[in-house]
Amino acid sequence: MDRQAELQAERDALEAELLALEQDLQCLRQGAAVPAELAQRVEELLGRLKLVNQDLSEPGGSASK
């Protein structure tokens, strides 16, 4: 698998995990506070997704993991 395909696969996985967490957040928002661990996980995933997207937009880039 080439680097571009690896980055796209990582991006897809990150997006899928974020969508799953978003669904959990939707359930929690109905009156309950969001657990700090969940909010932190979302921030970490968004940071990783940003790095992957930057690497995808720059030919020859390498994602930080």
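Each remark here, short or long, concerns the structure printed above.
Read on for an overview of the structure. For clarity, every value in this text was computed on a predicted model and none was experimentally measured. (Residues numbered from 1 in each chain as written. Predicted model: local features only at pLDDT ≥ 70, side-chain atom pairs only at ≥ 80, totals over all residues. Heavy atoms only, no water.)

Right, let's get into the pattern of salt bridges. One pass over the structure, following the stated rule, counts 4 salt bridges. A salt bridge links arginine 3 to glutamate 6, with the nearest nitrogen and oxygen atoms 3.2 Å apart. Taken together, the residues arginine 3 and glutamate 6, both in helix 1 (residues 3-28) and 3 residues apart, mark about one turn of the helix. Overall, glutamate 6 belongs to the partly exposed group, its relative accessible area being 34%. Residue arginine 41 pairs with glutamate 17 through a salt bridge whose shortest N-O separation is 2.6 Å. Here glutamate 17 lies in helix 1 and arginine 41 lies in helix 2 (residues 36-57), a separation of 24 residues in the sequence. Look at arginine 41 and you get partly exposed, because its relative accessible area is 29%. Judged by its relative accessible area of 32%, glutamate 17 falls in the partly exposed class. A cluster of three or more residues bridged by salt bridges with shared partners is formed by Glu17, Arg41 and Glu44. (Salt bridge = Lys/Arg side-chain N within 4 Å of Asp/Glu carboxyl O. Helix = DSSP H or I, 4+ residues; strand = E, 2+ residues; numbered from the N terminus. Buried < 20%, exposed > 50% of the residue type's maximum accessible area, 1.4 Å probe, protein only.)

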